[in-house]
Amino acid sequence: MYKKVLLKLSGEVLSGEGQKGFNLDNISYLIKELKQILEYGTNVGIVIGAGNLFRGREMSELSPTIADQIGMLGTVINALYLKDIFEKNGIRTVIVSQVTSLPSIRPIHYDDINLYFDAGYLVIFAGGTSNPFFTTDTAAALRAVEMKAEILIKGTKVPGVFDKDPKIYDDAKKYEKLTFDEAIEKNLKIMDTEAFSICKRYNMHIMVLDFFEKGNLLKAITGENVGTLVVPGDSK
Ligand SMILES: Nc1ncnc2c1ncn2[C@@H]1O[C@H](COP(=O)(O)OP(=O)(O)O)[C@@H](O)[C@H]1O
Ligand SMILES: O=c1ccn([C@@H]2O[C@H](COP(=O)(O)OP(=O)(O)O)[C@@H](O)[C@H]2O)c(=O)[nH]1
């Protein structure tokens, strides 16, 4: 049973696959899945993406640095949206970020993160890494290490890590387990190399799972490998 986890959610978890904006059915599904693990007393940090609003790489008319800043602000919008909806559903939530000083957002202070968890809050880390040229996967790796999570869970729209993109190749094969070195060497694009190497350096295990499969999150928290585990050393 994991007691402290960092959950990385793609922005599309809020909109539905391939959609933009916010879909209330998706959000109420997210709340139900989250409540199941919060009931166990698990401390949850969330890094939210912004694929439902803006992805830097999709705005090719803009300079990458500007497009990425817009993308990072998208994660702040998602965090504010989630905080309010979570609280209306009884989930006490704090947003921390280094990229804005809005009234509902607190700066990241390491000393405070555990205080929030001890007081029963869910913590949303908004604003990515606060640097252009990165993604929220890399932010998730950093925040997982910073909050001393036991595992980084990446909730996405495919059921794990495959030998090639399963959305493109029908014959893609899923890994039950693989090492960070294998993921980096094989250039498996489910997460950035930067995210894998941070996790490798700090021994932060990753579980990649299909967030749209009901009950997966709870099973993951109880230690069941419902997707793919990415770990250091020998994957056998
Ligand atoms: N080797 C791979 N294994 C699994 N998924 C992969 C792989 N390579 C690319 N992908 C793609 O990565 C996507 C998951 O990444 P995610 O960060 O959740 O979404 P996005 O980057 O589209 O916002 C999946 O939709 C899948 O199509
Ligand atoms: O540290 C970061 C994190 C995110 N982004 C920008 O924010 C966008 C949204 O993040 P991401 O693509 O990771 O969202 P997801 O695909 O997970 O929804 C990215 O495309 C980047 O443009 C960035 O510049 N630096």
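As named in an unreviewed UniProt entry, the protein is Uridylate kinase, taken from Thermosipho atlanticus DSM 15807. Regarding the protein, the relevant UniProt record gives this comment under Subunit (unreviewed entry): "Homohexamer." Under the heading Function (unreviewed entry), UniProt records this for the protein: "Catalyzes the reversible phosphorylation of UMP to UDP."

Summing up the model confidence of the protein, the mean pLDDT is 96 and the portion of residues at 70 or higher is 99%. Across the interface, the model reports ipTM at 0.96; the global pTM reads 0.97.

Here the UniProt-annotated "binding site: ATP" (unreviewed entry) positions come out as Lys8, Leu9, Ser10, Gly11, Gly51, Arg55, Thr156, Phe162 and Asp165. Annotated residues spanning 158 residues; largest pairwise C-alpha distance 23.2 Å, indicating distribution over more than one region. Looking at where Ser10 falls in the secondary structure, it is placed in the loop between β1 (4-9) and α1 (12-15). Residue Ser10 is classed as buried on the basis of its relative accessible area, which comes to 17%. Ser10 has contacts with Ile48, Gly49, Gly155 and Thr156, leaving out every residue within four places of it along the chain. Inspection of the secondary structure assignment puts Asp165 in the loop between β6 (151-156) and β7 (177-179).

Close contacts around ligand 2 come from 20 residues, with Gly11, Gly51, Asp68, Thr129 and Thr136 the closest. Here an oxygen atom of ligand 2 sits 2.6 Å away from a polar atom, N or O, in the side chain of Asp68. In the environment of ligand 2, an oxygen atom lies 3.4 Å from a nitrogen or oxygen atom belonging to the backbone of Met72. For ligand 2, the accessible surface in isolation is 520 Å², of which the surrounding protein chains cover 94%. For the shell around ligand 2, the leading source of residues is helix α3 (residues 64-88), giving 3 residues.

With the rule as written, the count across this model stands at 2 aromatic pairs. With 3.7 Å between their ring centres and 0° between their planes, Phe22 and Tyr81 make a pair best called stacked. Residue Phe22 is located in the loop between α1 and α2 (24-38), and its partner Tyr81 is located in helix α3; the two are separated by 59 residues in the primary sequence. The class of Tyr81 is partly exposed, set by a relative accessible area of 26%. For the pair Tyr29 and Phe211, a centre-to-centre distance of 5.9 Å together with 80° between the ring planes defines the contact as edge-to-face. Taken together, the positions of Tyr29 in helix α2 and Phe211 in the loop between β8 (206-210) and α8 (216-221) put the pair 182 residues apart, joining distant regions of the chain. Judged by its relative accessible area of 2%, Phe211 falls in the buried class. Positioned over the ring face of Tyr121 is Arg92, at 4.6 Å from the centre of the ring. Just above the ring of Tyr169 sits the side chain of Lys164; from NZ or CZ to the centre is 5.3 Å.

The next point concerns unusual backbone geometry. Residues other than glycine seldom take positive phi values, yet Phe133 does so here, at roughly 75°. Position of Phe133 relative to the elements: it lies in the loop between β5 (122-126) and α5 (136-146). Although it is not a glycine, Asn187 adopts a positive phi angle of roughly 55°. Overall, Asn187 belongs to the partly exposed group, its relative accessible area being 42%.

Backbone hydrogen bonds are what pair the strands of a sheet, in a parallel or an antiparallel way. The strand order across the open sheet built from 9 strands is β4-β3-β5-β2-β1-β6-β8-β9-β7, with neighbouring strands paired in mixed fashion. Across the chains shown, the open sheet's two edge strands, defined by having one partner strand only, are β4 (105-106) and β7. Contacts from α3 reach β2 (43-48), β3 (93-97), β4 and β5, with the element oriented near 165° to β5.

What counts and what doesn't
Residues numbered from 1 in each chain as written. Chains lettered and ligands numbered in written order. Predicted model: local features only at pLDDT ≥ 70, side-chain atom pairs only at ≥ 80, totals over all residues. Heavy atoms only, no water. UniProt positions renumbered as here; feature names shortened; annotations may be inferred. pLDDT = per-residue confidence, 0-100. Helix = DSSP H or I, 4+ residues; strand = E, 2+ residues; numbered from the N terminus. Buried < 20%, exposed > 50% of the residue type's maximum accessible area, 1.4 Å probe, protein only. Contact = heavy atoms within 4.5 Å. Near = heavy atom within 4 Å. Polar contact = N/O pair within 3.5 Å; in protein donor to acceptor, adjacent residues only side chain to side chain. Areas by Shrake-Rupley, 256 points an atom, 1.4 Å probe, with all protein chains shown as cover. Phe/Tyr/Trp six-rings, centres within 6.5 Å; stacked < 30°, edge-to-face > 60°. Lys NZ or Arg CZ within 6 Å of the ring centre and 35° of its normal. Pairing = 2+ DSSP bridges. Axes fitted to C-alpha atoms, helices over the stretch in contact; angles between N-to-C directions.

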